[in-house]
Amino acid sequence: MSFKEEPQSPLQPPAYGNLITILSIDGGGVRGIIPSVILEFLEIELQKLDGENARLADYFDVIAGTSTGGLVTAMLTTPDEDNRPIFAAKDVKDFYLQHCPKIFPHDSHPFAPATKVIKALSGPKYDGENLHKVIRETLQEKRLQETLTNVVIPTFDIKYLQPVIFSSYQLKKNPSLDAKLSDICIGTSAAPTYLPSHSFQTKDTEGKLLREFNLIDGAITANNPTLVAISEAQGHQNFKKSMMQQSHPVGGFWVGWLVEALTPLVDVFTQASGDMVDYHISTVFQALHSEENYLRIQDDTLSGDLTSMDLATHENLENLVKVGQELLKKQVTKVNFGTGISEPYHHTTNEMALIKFAKILHQEKNVRELRSPSTNRGRITREESMKEQTTLSQRTPALSNAIHHSLPDLYKLNPN
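Overview of the structure. Treat the numbers as computed from the prediction; the structure is a model and nothing was measured. (Residues numbered from 1 in each chain as written. Predicted model: local features only at pLDDT ≥ 70, side-chain atom pairs only at ≥ 80, totals over all residues. Heavy atoms only, no water.)

Another aspect to go through is the pairing of strand 6 (residues 209-216). Here strand 3 (residues 150-157) runs beside strand 6; their pairing, made up of two bridges, is antiparallel. Residue pairing for strand 6: D157 is matched across the bridge by L215. Sheet analysis places strand 5 (residues 198-203) next to strand 6, joined by six bridges and oriented antiparallel. Looking across to strand 6, one finds that H198 is bridged to L215. (Pairing = 2+ DSSP bridges. Helix = DSSP H or I, 4+ residues; strand = E, 2+ residues; numbered from the N terminus.)

We now examine the pairing of strand 2 (residues 62-65). Side chains V62 and A64 project from strand 2 onto one buried face, and the interleaved I63 and G65 project onto a second face that is buried too. Here strand 1 (residues 20-25) pairs with strand 2 via four bridges, running parallel. By the bridge assignment, L23 is partnered in strand 2 with I63. Relative to strand 3, strand 2 is paired through three bridges, and the arrangement is parallel. Its bridge partner lying in strand 3, V62 is registered against N150. (Buried < 20%, exposed > 50% of the residue type's maximum accessible area, 1.4 Å probe, protein only.)

One pass over the structure, following the stated rule, counts five aromatic pairs. Where F95 meets Y96, the ring centres are 6.1 Å apart and the plane angle is 75°; that geometry is what we call edge-to-face. Each member of the pair, F95 together with Y96, is buried. Both rings, one in F200 and one in F213, keep their centres 5.0 Å apart while their planes meet at 25°; by these two values the pair is stacked. Placement of F200 in strand 5 and of F213 in strand 6 is noted, with a sequence separation of 13 residues between them. Take F200 and F213: they sit in the same class, and that class is buried. Taken together, the ring pairs connect F87, F95 and Y96 into an aromatic cluster. (Phe/Tyr/Trp six-rings, centres within 6.5 Å; stacked < 30°, edge-to-face > 60°.)

See below:
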């Protein structure tokens, strides 16, 4: 294993590797804390292999996120002055714990439920000012073209009634999409009934208007952005080689929708959207004989306060952290489409699966560097390359099949 503290090199193109790596993060408001815990664990495992400077953006060909997942995506891929991500995965959780109470202030007044109902009839629950301020301070003036790996963030334009996908892949043919990341994140986070829509424009270098946007939450079209990410990557890569890891929070059905001023209807729509993506992904991967290449980490057992998109009390936020930690210990699941419930299908835990994923990502990055002529390692002879690849395989023998067949079947993963 390598523990050298060397500067992390950019991920070389998939053409030099064996896999296409995609990370997809669902929406869910304050429940974004849950995937932050999962991603922190994965990044720590990568750091054990490649040193503490390793970041998730160094290993994924594309990172996709919707709503709060879009914000996490931007935090993991926006460069700082040293051209490294402004956030390590471990810092995302602290960001939520610090800022969510200000973004979603909690009213503990006994008449708060009645006030919510009245306010819902006149507009969104929150004015969004704190959210806008925090996002702009965090992402500053960085634009989509500057991200450290490809990103895909879905939104929905309420003026033209059509989805708008902010994709790194589309920038060459559609420069009007090169918006500030802060505007993109504010737009994709503008959940109906919770936050106001967000309007902005993009202009060319001469100040000429390119496009006007009037955006709301991307969850309206793709709360689970995995299919969108596949569609974007498909035109640039060999899809059959792809490998995906998705982490997201899933809320249960809210019974008290009238008391909660109809906002649970948003959860109903986004939950249904995510379930349909699960169905399509399973069908596509089964047709490709690659169903084990899709790992979805989720918790559909949330109830009570944990299902809320905006309950930002200290107690609830800490409980969401615990949900993420407990989710790591749970078995890998698949959705039973007869019941809609995620069910365990083998004895591998999410934690164990992520440890294996980290080794695969580490090995894939090394293989690309060996083969790419743009790196110093890529200039070694073919014989030396074969020797080093053999050494890499010996370090992670359980992953030898992954180099030739994408991911190994999850049920074969050994906890030892």
